[in-house]
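Notes for the structure review
Read off the chains here:
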Amino acid sequence: MSRRNVPHAFTAVDSQARPSELVEVLKRLTAEPFYGTYKQRLRNLLRARPGGRFLDVGAGAGDGALALRTESGAQVVGADSSLTMATAMKDAGLGHVVVADGHRLPFRDSCFDGACADRVLQHVEDPARVVDEMSRVVRPGGRVVLADPDYATQVLDIEDQHLAAQVLRFRAEVNLRNGTLAHRHAGMLAARALEDIAVGAHTLVVRDPTAVDNVMGLRSWAHTAAARGHLDTADADRFVVQFDEAVSAGRFTYAVTFFVTSGTVPVAGVPAHREGIDRWRNALPPRPSPRPRRLWPAVRRAPTGRPRAPESQRGESDEAHSRPLRRAR
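Residues numbered from 1 in each chain as written. Predicted model: local features only at pLDDT ≥ 70, side-chain atom pairs only at ≥ 80, totals over all residues. Heavy atoms only, no water.

Moving on, we get to the overall build of the chain. Looking only at helices and strands, the chain features twelve helices and nine strands. Taking all 329 residues of the chain together, 43% fall into the buried category. In the chain, of all internal contacts separated by at least 6 residues, the share reaching a separation of at least 24 is 72%. (Helix = DSSP H or I, 4+ residues; strand = E, 2+ residues; numbered from the N terminus. Buried < 20%, exposed > 50% of the residue type's maximum accessible area, 1.4 Å probe, protein only. Contact = heavy atoms within 4.5 Å.)

In structure tokens form, the structure reads like this:
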């Protein structure tokens, strides 16, 4: 099977024949309980508060951004490279919307309290560049949260496991630009010096494909691969037959794991894990200053009024003795 990339519809929404249908797909996904659960976790990890300012990169139809605004009272900006999606966000009532490419966010440095990208990095041309941009626009101490499925974790129970593997590999390696990247998100954040990094795994398990088939299209994946030259048509037909047989027999199982990864942009000179210690220490009453101690032998005044070091220290510059010494902490 060839591994030539076949762009996914969400890679270029506005170039699709009916882009508005993709808006409806996102809305149906949001209504699924599994998606609601992991999305809630993503929003919690942003630690949004009233008065804060947050960015949703690749915000799609805006459901996540609207939920974050409602739950936290923060200002939320939705950014998407698709005009279709931006229009859907505005129509849904999100007040701050921008058409923008995640590789080149049109915001100044450190202007947000947090940023998230939900099921975005799997589609973009350069995921590292998008993470760079998200880190750039978030202030020190702010949060960056990423979420994506990792299609290297897929399993599918049909009779022919070799055929299942072919179809799943098409989904992971051909149909998506970065379908197997999500388990490496933590490393991407660590490489950019983010701290307080956490990874959560959320596994989608599908036993009844009719519940999500209208949004994931599981049954159609084999014919999609065949239509694009990555699978024989006869094999695609056989896949559908075995798919339906597994459903009828009650054995059908499909699963894939989503990774939700978060980190904190470091405060300059203060590691994120020390911030709590420093806040606790600063809340203590100040300690009284110790009585000054003589730190070197008495010196006699030179005619110019500058202190003059004793003969035993003349090898060093007089300036070295005119500077105050720091107490060891």
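This part covers the packing of helix 1 (residues 20-31) against helix 4 (residues 83-92). Between helix 1 and helix 4, the shortest axis-to-axis distance is 9 Å and the interhelical angle comes to 55°. By the angle class used here, helix 1 and helix 4 are oblique. When the axes of helix 1 and helix 4 are compared, the crossing they make is right-handed. From helix 1, Ser20, Leu22, Val23 and Leu26 reach across to helix 4, where they touch Thr84, Met85 and Ala88. (Axes fitted to C-alpha atoms, helices over the stretch in contact; angles between N-to-C directions. Parallel < 35°, antiparallel > 145°, perpendicular 65-115°, else oblique. Left-handed = near helix turned anticlockwise from the far one by under 90°.)

With respect to the helices and strands, Asp80 occurs in strand 2 (residues 75-80). Arg119 is the oppositely charged side chain nearest to the buried, salt-bridge-free Asp80, at an N-O distance of 10.0 Å. A polar contact of 2.9 Å, which involves the side chain of Asp80, links it to the backbone nitrogen of Ser82. Those residues in contact with Asp80 that sit more than four places away from it in its chain are Gly58, Ala59, Gly60, Met85, Met89, Val98, Val99 and Ala100. (Lys, Arg positive; Asp, Glu negative; His and termini not counted. Salt bridge = Lys/Arg side-chain N within 4 Å of Asp/Glu carboxyl O. Polar contact = N/O pair within 3.5 Å; in protein donor to acceptor, adjacent residues only side chain to side chain.)

Our next topic: the sheet that holds strand 6 (residues 195-206). Spatially, 3-2-1-4-5-7-6 is the arrangement adopted by the seven strands of the open sheet, whose pairing is mixed. Each edge of the open sheet carries a strand with a single partner, namely strand 3 (96-99) and strand 6. This sheet shows a mean twist of 15° between the axes of neighbouring strands, independent of strand direction. Relative to strand 3, strand 2 runs parallel, the two being bridged by four bridges. When the sheet's bridge partners are listed, Asp80 is paired in strand 3 with Val99. Those strands touched by helix 5 (residues 127-137) are strand 1 (53-57), strand 4 (112-118) and strand 5 (138-156), and its axis lies near 150° from that of strand 5. (Pairing = 2+ DSSP bridges.)

A word on the packing of helix 2 (residues 33-46) against helix 3 (residues 63-72). One way to put it is that helix 2 packs onto helix 3 with a least axis distance of 11 Å and a crossing angle of 55°. When the interaxial angle is binned, helix 2 and helix 3 end up oblique. In this structure, the crossing between helix 2 and helix 3 has a hand that is right-handed. Where helix 2 approaches helix 3, its residues Gln40, Arg43 and Leu46 are matched on the opposing element by Gly64, Ala67, Leu68 and Glu71. Classifying every residue of the contact of helix 2 with helix 3 gives three nonpolar, two polar and two charged. (Nonpolar A, V, L, I, M, F, W, Y, C, P; charged D, E, K, R; others polar.)

Under the defined criterion, the tally for this structure stands at 17 salt bridges. Among the salt bridges present, the one from Asp118 reaches Arg119, with a minimum N-O distance of 3.7 Å. Among the residues examined, Arg119 registers a relative accessible area of 15% and is labelled buried. Residues participating in the shared-partner salt-bridge network are Asp109, Arg129, Glu133 and Arg136.

This paragraph deals with helix 2. A rise of 1.5 Å per residue sets the reference length of helix 2, with its 14 residues, at 20 Å; its end C-alpha atoms lie 21 Å apart and thus fit the reference within 8%. Among the residues of helix 2, those classed as buried are Phe34, Tyr35, Tyr38, Lys39, Leu42, Arg43, Leu45 and Leu46. The arc enclosing the buried residues of helix 2, seen along the axis, measures out at 160°, which places them on a common side. In helix 2, the exposed positions that point more than 90 degrees away from the buried face belong to Pro33 and Thr37. Following helix 2 by one or two positions, Arg47 adopts a phi angle in the positive range, close to 55°. (Expected span 1.5 Å × (residues − 1). Arc of directions from axis to C-beta.)

Taken by themselves, the reported measurements are silent on function.
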